[in-house]
Amino acid sequence: KDYLLTNKDSIDKIIQVIEAEEKKKQDELERARLAELYDIITFTKQRDKILIDAMIDKKKIRFYYNAEALRTEIPQNTVEQLLRAKAISIDDFSEGKDKIRFTDGTKVSSKSFKIKELTIDGLTFKNVRCKMVDDDKKPTIGNNLFDDYDGVEMKDDKLLLKKRKQ
């Protein structure tokens, strides 16, 4: 009894280390289980808005995620930056009847365009259809980005993209 009382702090520390290791193992098992079922995207929250950082070529863009939006939207000034950085080209725009002139004089005939690759947390989405919107709007990821999945769930600070069964 005296030994236990004398070494109580050491014993408590050993128990804490063992419990921390057990929790770490459980967390790893949960992550592995989730990885089998889902692709996972980490987001940050700003008030009630969900923000997702993405890369288009070498350009980082912070998107808002809107679960109710059907499409991905990018403001014109950001589109112009992507063009200047050669992350997209004039050929990526659809044919249309609009007459849009960029600040550098370049003209396009549609607000619709395609991004060859958009990367989020190591996941690469190919041929993403986007719409150019007015500069007063924020870049927004809509659900069209996740069409290849069976659904999207939110858990803590993650979007869980349910993989389709092969």
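Predicted model only: the values in this text are computed from it and were never measured.

Caption draft 1: Looking closely at the pairing of strand β9 (residues 123–133). With 4 bridges connecting them, strand β5 (residues 72–75) and β9 associate as parallel partners. Within the sheet, the bridge partner assigned to E73 lies in β9 and is K131. Summarising the sheet, strand β8 (residues 112–120) and β9 pair through 8 bridges and their orientation is antiparallel. Counterpart to L118 in the pairing with β9 is F125. Adjacent in sequence and paired antiparallel, β8 and β9 are bridged by 2 residues, among which D121 carries a positive phi angle near 50°.

Caption draft 2: Structural context of the side chain of T72. Assignment of secondary structure puts T72 in strand β5. For T72, the contacting residues outside a window of four places in its chain are F63, V128, R129, C130, K131, T140, I141, G142, N144 and L145.

Caption draft 3: The arrangement of the sheet that holds strand β12 (residues 158–162) in detail. The sheet built from 3 strands is open, its strands ordered β1-β12-β11 with antiparallel pairing. Among the strands making up the open sheet, the edge pair consists of β1 (38–42) and β11 (151–155). For this sheet the average axis-to-axis angle between neighbouring strands, irrespective of direction, equals 25°. By the bridge criterion, 5 bridges tie β11 to β12 in an arrangement that is antiparallel. Residue G151 lies in a different strand from β12, and its bridge partner there is K162.

Caption draft 4: Just the nonpolar core, in detail. Counting residues in each nonpolar core, the largest one holds 34 residues, and the members touching the most others are L118, F125 and F146. Of all the elements in the fold, those that place two or more residues in this core are β3 (49–56), β4 (59–65), α3 (76–84), β8, β9 and β12. Looking at this core element by element, the count peaks at 5 residues for β9. In contact with L118, not counting residues within four places along its chain, are A54, M55, I56, F63, L123, T124, F125, V128 and L145.

Caption draft 5: Just unusual backbone geometry, in detail. Look at R47: it is not a glycine, yet its phi comes out positive at around 60°. Under the relative-accessibility criterion, R47 is labelled exposed at 80%. If you check the backbone angles, D57 has positive phi at about 60° while not being a glycine. Within the secondary structure, D57 sits in the loop between β3 and β4.

Cut-off values and rules
- Residues numbered from 1 in each chain as written.
- Predicted model: local features only at pLDDT ≥ 70, side-chain atom pairs only at ≥ 80, totals over all residues.
- Heavy atoms only, no water.
- Pairing = 2+ DSSP bridges.
- Helix = DSSP H or I, 4+ residues; strand = E, 2+ residues; numbered from the N terminus.
- Contact = heavy atoms within 4.5 Å.
- Axes fitted to C-alpha atoms, helices over the stretch in contact; angles between N-to-C directions.
- Core = buried A, V, L, I, M, F, W, Y, C linked by side-chain atoms within 4.5 Å.
- Buried < 20%, exposed > 50% of the residue type's maximum accessible area, 1.4 Å probe, protein only.

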